[in-house]
Amino acid sequence: MSAIERYFSAAGFIPHGYCLLWRPDVLGLHVVSDAIIALAYFSIPLAIAAFVRRRPDLAAEHRRVAVLFATFILGCGLTHVFGIVVLWRPFYVEDGLVKAFTALVSLITAAALWPMLPRLLAIPSPHQLSLANQQLQAEVAARREAVAELEAARAGLEAEVLRRTEELETLARRFEVATDGSVISLAELDGDLRFLWLHNPRPPFDRLVVGEITQGRLGPDAPRVLGAPARQVLASGEPLRTEVTLPIGEESFSFDVKITPAGQGGRILIAASDITEQKRQQAHLQVILRELAHRAKNLLSLVDGIARQTARAEDLPVALVDRFSARLAALGDAYDLLITDDWRGVDLAALVAAQLAFIVPELRERVVIDGPAATVRPEVAQYLALALHELATNATKYGALSDADGRLSVRWSVEPRAEGGSTVRLAWEEAVKAVAPPTRTGFGRSLLERIVPRAVGGEGGLSFPDTGACWRVVFPL
Amino acid sequence: MVRVLVAEDEAFTAIALVDTLERQGHQVRDAADGADAISLLDNFDAQVLVTDLMMPNVDGAALIRHVRARPGAGLPVILITGVPQSKLPEDLSYDAYLGKPVDHAELGRMVAALARRD
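Per chain, residues are indexed from 1 in the order of the written sequence. The lettering of chains begins at A and the numbering of ligands begins at 1, in the order of writing. Only residues with pLDDT of 70 or above have their local features reported here, since the model is predicted, and side-chain atom pairs are shown and tallied only from 80 upward, although totals for entire chains, interfaces and linings are computed over all residues. With hydrogens and water stripped out, all remaining heavy atoms of the structure feed into the side-chain values.

S.K.: What's the story with the overall build of chain A in this structure? I'm lost.
M.R.: The helix and strand tally for chain A stands at 12 helices and 12 strands. Along the longest, intermediate and shortest principal axes, the C-alpha atoms of chain A span 195 × 55 × 40 Å. The rule is simple: take the accessible area with a 1.4 Å probe, protein chains only, and divide by the maximum for that residue type; under 20% is buried, over 50% is exposed, in between is partly exposed. In chain A, which comprises 477 residues, the proportion classed as buried is 33%. Only heavy atoms matter for contacts: two residues are in contact if any of them lie within 4.5 Å across the pair. Long-range contacts, defined as pairs at least 24 residues apart, comprise 57% of the intrachain contacts of chain A with a sequence gap of at least 6. All accessible areas in this document rest on Shrake-Rupley with a 1.4 Å probe, and a residue is counted as covered only by the protein chains that are shown. Per element, the accessible surface of chain A, about 28,200 Å² overall, is 61% carbon and sulfur. By definition, any uninterrupted DSSP run of H or I lasting at least four residues is a helix, any uninterrupted run of E lasting at least two residues is a strand, and each is numbered from the N terminus.

S.K.: Would you mind going over the overall build of chain B with me for this structure?
M.R.: Per the secondary structure count, chain B includes four helices and five strands. Beginning at the N terminus, the succession of helices and strands in chain B can be written as β-α-β-α-β-α-β-β-α. Radius of gyration here uses only the C-alpha atoms, and the compact-globule reference equals 2.2 Å multiplied by the residue count raised to the power 0.38. Rg of the C-alpha trace for chain B: 13 Å, near the compact-globule value of 13 Å for 118 residues, within the 12% margin. C-alpha atoms of chain B, sized along the principal axes, occupy 30 × 30 × 25 Å. Residues counted as buried form 54% of the 118 residues belonging to chain B. Put simply, 59% of the contacts in chain B that link residues at least 6 apart link residues at least 24 apart. Approximately 5,000 Å² of chain B is accessible, and the part contributed by carbon and sulfur atoms is 48%. Within chain B, the 18 negative side-chain charges are centred at a point lying 6 Å from the centre of the 11 positive side-chain charges. Charge convention: Lys and Arg are scored as positive, Asp and Glu as negative, and His as well as the terminal groups of each chain are ignored. The atom standing in for a charge is NZ when the residue is Lys, CZ when it is Arg, CG when it is Asp and CD when it is Glu.

S.K.: It is not clear to me how a nonpolar patch on the surface should be interpreted in this structure. Could you clarify?
M.R.: All names here are of chain A. Where nonpolar side chains cluster on the molecular surface, the patch consists of I4, Y7, F8 and L97 and spans about 400 Å² of accessible area. For the nonpolar patch, the element with the most residues is helix α1 (residues 3-8), which contributes three residues. Turning to its location among the elements, L97 is positioned in helix α4 (residues 92-122). Distance thresholds for patches are 9 Å for like charges and 5 Å for nonpolar side chains (Val, Leu, Ile, Met, Phe, Trp, Tyr), applied to residues having over 30% relative accessible area and no salt bridge. When a carboxyl oxygen of Asp or Glu lies within 4 Å of a side-chain nitrogen of Lys or Arg, that pair is called a salt bridge.

S.K.: When you look at the interface of chain A and chain B in this model, what are you seeing that I'm missing?
M.R.: One frequently used descriptor of interface size is the decrease in accessible area upon assembly of the parts. Contact with chain A, which involves 23 residues of that partner, is made by 23 residues of chain B. Around 1,900 Å² of area is buried between chain A and chain B when both sides are counted, 57% of it from carbon and sulfur atoms. Counting every contact that joins chain A to chain B gives two salt bridges. A salt bridge links A:D322 to B:R23, with the shortest nitrogen-to-oxygen separation between them at 3.7 Å. Throughout this description, a polar contact denotes any pair of N or O atoms lying within 3.5 Å of each other; where both atoms belong to protein, one of them has to be capable of donating a hydrogen while the other can accept it, and for residues adjacent in sequence the pair is counted only when both atoms sit in side chains. Here chain A and chain B share 10 residue pairs in polar contact (both at pLDDT 80 or more) between them. A simple way to read buried area is as the amount of 1.4 Å-probe accessible surface that goes missing from two parts once joined, with both sides added.

S.K.: Would you mind showing me how to read the packing of aromatic side chains here?
M.R.: The geometry of an aromatic ring pair is captured by two quantities: the separation of the ring centres and the angle between the planes. Residues and elements named next belong to chain A. Only centres within 6.5 Å qualify two rings of Phe, Tyr or Trp (six-membered ring in Trp) as a pair; their planes then separate them into stacked at under 30 degrees, edge-to-face at over 60, and tilted for everything else. Under the definition given, this model contains five aromatic pairs over all chains. Seen in terms of ring centroids, F13 and Y92 are 5.7 Å apart; in terms of plane orientation they differ by 75°. Their pairing is edge-to-face. Linking F13 in the loop between α1 and α2 (24-54) with Y92 in helix α4, this pair joins segments that are 79 residues apart in sequence. Where F69 meets F72, the ring centres are 6.3 Å apart and the plane angle is 50°; that geometry is what we call tilted.

S.K.: Before we go on, may I ask you to explain the layout of surface pockets in this structure?
M.R.: A probe matching the size of a water molecule, rolled over the atoms, marks out where space remains unfilled. In this structure, the largest pocket encloses a volume near 1,000 Å³. With a 1 Å grid laid over protein atoms only, a set of points is called a cavity when a 1.4 Å probe fits there but cannot get out and a pocket when it is open yet has protein on both sides within 12 Å along at least five of seven lines; lining residues have an atom within 4 Å of a point. If you go around the largest pocket, you meet 38 residues; those closest to its centre are A:D333, A:A357, A:F358, B:D103 and B:E106. At the level of elements, α8 (318-340), α9 (348-355), α10 (361-364) and α11 (378-397) of chain A together with β5 (96-99) and α4 (104-117) of chain B are the ones that each hand at least two residues to the lining of the largest pocket. No other element matches α8(A), which puts 10 residues into the lining of the largest pocket. Each residue gets one of three labels, nonpolar for Ala, Val, Leu, Ile, Met, Phe, Trp, Tyr, Cys and Pro, charged for Asp, Glu, Lys and Arg, and polar for the others, Gly among them. Among the residues forming the lining of the largest pocket, the class breakdown is 18 nonpolar, 10 polar and 10 charged. Grid points are joined across faces, edges and corners, and a volume is the space filled by probe spheres set on the points.

S.K.: What am I meant to see in the environment of B:A61 here?
M.R.: Residue and element names in this part refer to chain B. Relative to the helices and strands, A61 is located in helix α3 (residues 60-69). Counting along the chain gives 30 residues from A61 to D91, while the straight-line C-alpha distance between them is 9.5 Å. With residues near it in sequence (within four places) discarded, A61 still touches L53 and L92.

S.K.: Looking at this structure, how should I read the domain arrangement of chain A?
M.R.: When its domains are assigned, chain A resolves into domain 1 (3-122), domain 2 (181-274) and domain 3 (281-476). Computed from C-alpha coordinates alone, the two centres of domain 2 of chain A and domain 3 of chain A are separated by 50 Å. As used throughout, domain bounds are those supplied by an automatic or database domain assignment.

S.K.: Help me understand the packing of helix α7 (residues 276-313) of chain A against helix α1 (residues 11-23) of chain B, please; the structure alone is not making it clear to me.
M.R.: Helix packing geometry: the angle between the two helix axes and the distance between the axes. Orientation of α7(A) relative to α1(B), taken along the N-to-C sense of each, is 55°, at an axis distance of 8 Å. As summarised for this structure, α7(A) and α1(B) are arranged oblique, according to the angle between their axes. Where α7(A) crosses over α1(B), the handedness of that crossing is left-handed. Residues A:S301, A:L302, A:G305, A:I306, A:R308, A:Q309 and A:R312 of α7(A) touch α1(B), and the partners they reach there are B:F12, B:T13, B:I15, B:A16, B:D19, B:T20 and B:R23. Across the contact of α7(A) with α1(B), the residue classes break down as five nonpolar, five polar and four charged. To get an axis, a line is fitted to the C-alpha atoms, and for a helix only the part in contact is used. The angle between two axes follows their N-to-C directions and goes from 0 to 180 degrees. Orientation is classified from the angle alone, with under 35 degrees giving roughly parallel, over 145 giving roughly antiparallel, 65 to 115 giving roughly perpendicular, and any other angle giving oblique. With the far helix as reference, a near helix turned anticlockwise by less than a right angle produces a left-handed crossing, and one turned clockwise produces a right-handed crossing.

S.K.: Mind showing me how you'd approach unusual backbone geometry here?
M.R.: Only a minority of non-glycine residues have a phi that is not negative, and only a minority of peptide bonds are not trans. The linkage connecting A:P203 with the following residue, A:P204, adopts the cis geometry, with an omega of 5°. Among the structural elements, A:P204 can be located in the loop between β2 (195-199) and α6 (222-236). Note the cis peptide between B:K100 and B:P101, where omega equals -5°. Examined against the element boundaries, B:P101 turns out to sit in the loop between β5 and α4. At A:W22, a position not held by glycine, the phi torsion is positive, near 55°. When you line up the elements, A:W22 lands in the loop between α1 and α2. The residue A:N200 is not glycine, and still its phi comes out positive at about 50°. Among the secondary structure elements, A:N200 is positioned in the loop between β2 and α6. Judged by its relative accessible area of 16%, A:N200 falls in the buried class.

Quick look at the structure:
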């Protein structure tokens, strides 16, 4: 018999039942109790195994503890099985070995369990998990509420975007209806003056190509008349309005151009209103106006010629015709000034100077002409010209300019009127030693006292104080 | 007495100018347009030319250019026209300007002054 066989030999041992005197009731109590305990112990590792298999998320450390615990419980179960066996068979060595194995496993389990205790304690309890779960559910509910609010806000924003998009589309449609086929060309340019967008391009803008720097297609003057102001707007950020003319070949195109910065991207918008036809019409009108004025003056000349021939045929005094002729010439001088300013009006100082232009240089230093800038209406200018001619002629013949020391002043002022507009007060004042008032009422006096004041819509009067002739007239500007 | 050539297409005006200048003692010849005036200049040694600007055939500007290009280019020219002086071509060479309707007294003074200068 080997040493191992001797160790496991039960020779000499008696079954444990002898200790219980083979009393059936005590034997039954032990057998049944140990069997139930063993069965219970064997079922626990199965439950642990089932639990571990169904919880693949368990940490490796927890799995190890579960295996140790299951082994320990299994060992405990085996000790109770041997408790039944040794009642009838004296396998006390095997029983002891099972207990030793169980003791070893229990020690390892305990050794592994104590260091893990803080970490196991850190595992939330069901109550804590329940609270956390409730909190999470509250948070989830809050988030759902927030999401719902965001959804509502998003829906509101989408509706707003839709509304604004429709508004913009309406505006764009109105803009297109308003500008399509109109005289307004629109363009957007980048900082390099590259055309990015063109709308309703009128000639020569229809030669441009979007996406290219094509100012050269607008003629040789384009870089100067259009490029320079565009760069000025890019540099200053201030809008600019200018009138440009683009000669291309034998054609010439004129535009009223407004250049505006377009946002922050270094872009500009150009709105060019085609005024080419307007310019042509203006030029044509000026030609017609000048031709009419020229014909009017020729008509005055014709009237002068007829008057002279009539006077000659009727043997009328030459002096009469000369006076008539001079009055027509005065009217012609006023027409000259009106034509010069395209019949818009006449500068009062120029009108006075024109009627005194015939005065010889040595007399001019005795004449003072003084007054603020004032533009008189065309219908007023011709009557004032006649009046000033009459006064100047008389002054050289009988008044201040016929006397060696005589002086003449023509002064006027412009005063605002309460009802709007302005009033001109003009005074022709002669300063002469000896004055001889006229003894009869001739054309000149009638002109100055009645005709001119009435024609200019004002008041006037001629007087002859000791100092010489004085004519005053007040009329609306 | 000054020899004056008047170039004016409108008859009443032309005759009035001629009458005025003759009454002032001048010797006057009149032409109906610029072409007529150019022909007359070959046979009439004018001391002063009085010319309208707008005339048929050869206008006043062409007549003045002709005068300035021929011998005796310094012939004084009095321009009479309905066109204001400020609107006249800048290259038009004339010695005196008189707007229409003409101030006949002023015309007499101008003719005398230009003849003296000549």
